[in-house]
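# Structural description and commentary
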Amino acid sequence: MALHHESLVSLQSLLRSKKCSSVEITQHFLKRIEQQNDAVNAFITPTPEQALIQARAADQRRAEGDDSPLLGLPIAHKDIFCTEQVRTTCGSRMLKDFISPYSSTVTERLDHAGMVSLGKTNLDEFAMGSSTETSYFGPSRNPWNHDYVPGGSSGGSAAAVAARLAPIATGTDTGGSIRQPAAFCGLTGLKPTYGRVSRWGMIAFASSLDQGGLLGYSAEDVALALSSLCGFDPRDGTSAREPVPDFFTATQCPFRTPLTIGLPTAFFTDELNETVRTLIEDAKTVLSKWNVRFVPVELPHLSLSIPTYYLIAPAEASSNLSRFDGVRFGYRCDNPQNLHDLYQRTRQEGFGREVKRRLLIGTYALSAGYYDAYYRKAQQVRQLIKRDFVTAFENVDIILAPSTPSNAFRIGEKRDDPVDMYLSDIYTVAVNLAGLPAMSLPMGFHNGLPHGLQLIGNYFDESSLLHLAHQYQSLTDWHKQIPRDCD
């Protein structure tokens, strides 16, 4: 049985019907990781011993009558979530040997749900990037074509799922870092509403933007795991006290009509890639099989999203990463001459080029004399962007947009042009600035590489996104396509 071809929902059915044990499923994926990971560099730290311990415990719980939805199902974790007694690197030399003494809320909750952790996946250093090329451990590769990037920063998680090394994986999304790699790798990726998933134990990049989420084969698979991921956490001051629905059940409900879907005029301009435009028109045709109405929506300040994001995110990163000084934990330079030399050389040697670039931008934006001109102004524009979305959702249920300007680019193609790299997030960063939920799902291929369709929802309305995505996927098979090397 080719277990790696089975969806998370199908694996759940196999476990419940006793056609397979968690140990058998886990061993299957661990063998694939051992054989295939070198080709895509998806995992930084596989954890086979821990995985088999968890799988045996899951089988024992099931034998005793426990039928929890996620019990015994495998998952991979982005290596930005602290995991007790497991190396947590953030893709950086700064933390390459850091063994976390505690687990993040995300990994803790999924452990309690009975999921089996296969290991920690590659990412852009401290989640700063759109290709995984900034990782100290080398770039991950797109399973559809190894010469291309899988996206970032959650590129390792996307590569792992697309290569069928794991059926689902956690990721984080600060400016599109779940949705963009999902689009590049032909996956379904969801970024929940800010505050829906606890950030405690998720090593911070930009605290007001970061949000944990999932990448899987389908909306059903993501919905199955999402409920266990969400919920209030008293350890996280930004955690929302919102009830958590059964997201999987929501995907199975009858289609709710009529449904009004907004099309942002700022995205659908003459500059929109023609292939992307054609694929979106095809997607609209599929969705039109239900009682769906498409209307234009105005988001007047959308064009300011990129400059706003690239002031706020580096400023918050400058503050968050100041803790990495060589004194308390992490990398330390050899033979420092004095305290100043320790700080300077530790950070110079421990951080990569892109992280240094963003720290310099952020520190400058927060410095005396420039704070009001840059950071404060960016926060004011952020409120305008958020207000535009709030106004739009008074008239529409969901907003539809491209996930990315194009499909995946070649490894090295944008490495020396950071501005061009930043523009790959042009359709995603506004969602993070507004704190909204959004997801990407496969909508077609061009030149053998996937394209993603983005759905943006109102606050804490992930259920509607997952429901619409599932309806779309019930009439299409883009999410069922598998890279030829994964058979």
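Attention here is on the structure that accompanies the text. Keep in mind it's a predicted model, so treat the numbers as computed, not measured.

The rules behind each value
- Residues numbered from 1 in each chain as written.
- Predicted model: local features only at pLDDT ≥ 70, side-chain atom pairs only at ≥ 80, totals over all residues.
- Heavy atoms only, no water.
- Helix = DSSP H or I, 4+ residues; strand = E, 2+ residues; numbered from the N terminus.
- Buried < 20%, exposed > 50% of the residue type's maximum accessible area, 1.4 Å probe, protein only.
- Core = buried A, V, L, I, M, F, W, Y, C linked by side-chain atoms within 4.5 Å.
- Contact = heavy atoms within 4.5 Å.
- Pairing = 2+ DSSP bridges.
- Salt bridge = Lys/Arg side-chain N within 4 Å of Asp/Glu carboxyl O.
- Axes fitted to C-alpha atoms, helices over the stretch in contact; angles between N-to-C directions.
- Nonpolar A, V, L, I, M, F, W, Y, C, P; charged D, E, K, R; others polar.
- Patch = residues over 30% accessible without salt bridge, like charges linked within 9 Å, V, L, I, M, F, W, Y side chains within 5 Å.
- Areas by Shrake-Rupley, 256 points an atom, 1.4 Å probe, with all protein chains shown as cover.
- Polar contact = N/O pair within 3.5 Å; in protein donor to acceptor, adjacent residues only side chain to side chain.

The residue after Gly-152, namely Ser-153, is reached through a cis peptide bond having omega 5°. With respect to the element layout, Ser-153 can be found in the loop between strand S3 (116–121) and helix H5 (155–162). A positive phi angle, near 50°, is found at Asn-41, a position not held by glycine. As for its placement among the helices and strands, Asn-41 is situated in the loop between helix H2 (22–40) and strand S1 (43–46). A positive phi is found at Gln-85, a non-glycine position, where the angle reads about 65°. You can see Gln-85 is positioned in the loop between strand S2 (74–78) and helix H4 (105–112). Relative accessible area serves as the criterion here: at 58%, Gln-85 is assigned to the exposed category.

A word on the nonpolar core. With 139 residues, the main nonpolar core has Phe-126, Phe-389, Met-439, Leu-455 and Leu-466 as its most contacted residues. For this core, the element with the highest residue contribution is helix H10 (residues 305–320), accounting for 8 residues. Residue contacts for Phe-389: discarding those within four places in its chain leaves Leu-299, Leu-302, Ile-399, Ala-430, Ala-434 and Leu-436. Residues Trp-144, Val-149, Met-421 and Leu-449 belong to the second largest nonpolar core, which totals 8 residues.

What follows concerns the pairing of strand S11 (residues 449–457). In terms of burial, S11 is a largely internal element, 9 of the 9 residues being buried. Residues Leu-449, His-451, Leu-453, Leu-455 and Gly-457 of S11 are buried on one face, and the alternating residues Pro-450, Gly-452, Gln-454 and Ile-456, pointing to the opposite face, are buried as well. Judged from the 8 bridges that link them, strand S10 (residues 438–446) and S11 form a sheet pairing that is antiparallel. Bridge pairing links Ala-438 to Ile-456 in S11. Taken together, S10 and the strand that follows it, S11, pair antiparallel across an intervening segment of 2 residues, in which Asn-447 is found at a positive phi of about 55°.

What follows deals with the pattern of salt bridges. Counted according to the given criterion, the structure contains 20 salt bridges. In this structure, Arg-235 and Glu-108 form a salt bridge, with 3.0 Å as the shortest nitrogen-oxygen distance. With Arg-235 in the loop between helix H7 (219–229) and helix H8 (247–251) and Glu-108 in helix H4, the pair connects residues that are 127 residues apart, well separated along the chain. Under the relative-accessibility criterion, Arg-235 is labelled partly exposed at 37%. Residue Glu-108 is classed as partly exposed on the basis of its relative accessible area of 27%. Overlapping salt bridges bring together Arg-16, Arg-62 and Asp-67 as one network.

So, on to the packing of helix H1 (residues 8–16) against H7. Contact geometry of H1 with H7 gives a least axis separation of 8 Å together with a crossing angle of 65°. Residues Leu-8, Val-9 and Gln-12 of H1 form the contact with H7, whose participating residues are Glu-220, Asp-221 and Leu-224. Looking at side-chain class alone, the contact of H1 with H7 contains 3 nonpolar, 1 polar and 2 charged residues.

Taken together, Val-327, Leu-339 and Tyr-343 make up a surface patch of nonpolar side chains, about 260 Å² in accessible area. Checked against the element boundaries, Leu-339 lands in helix H11 (residues 339–350).

With that settled, consider the environment of Asn-273. Structurally, Asn-273 can be placed in the loop between strand S7 (259–264) and helix H9 (274–287). Asn-273 sits 185 residues away from Asn-458 along the chain, and the two C-alpha atoms are 27 Å apart. Here Thr-275 takes part through its backbone nitrogen, which lies 2.8 Å from a polar atom of the side chain of Asn-273.

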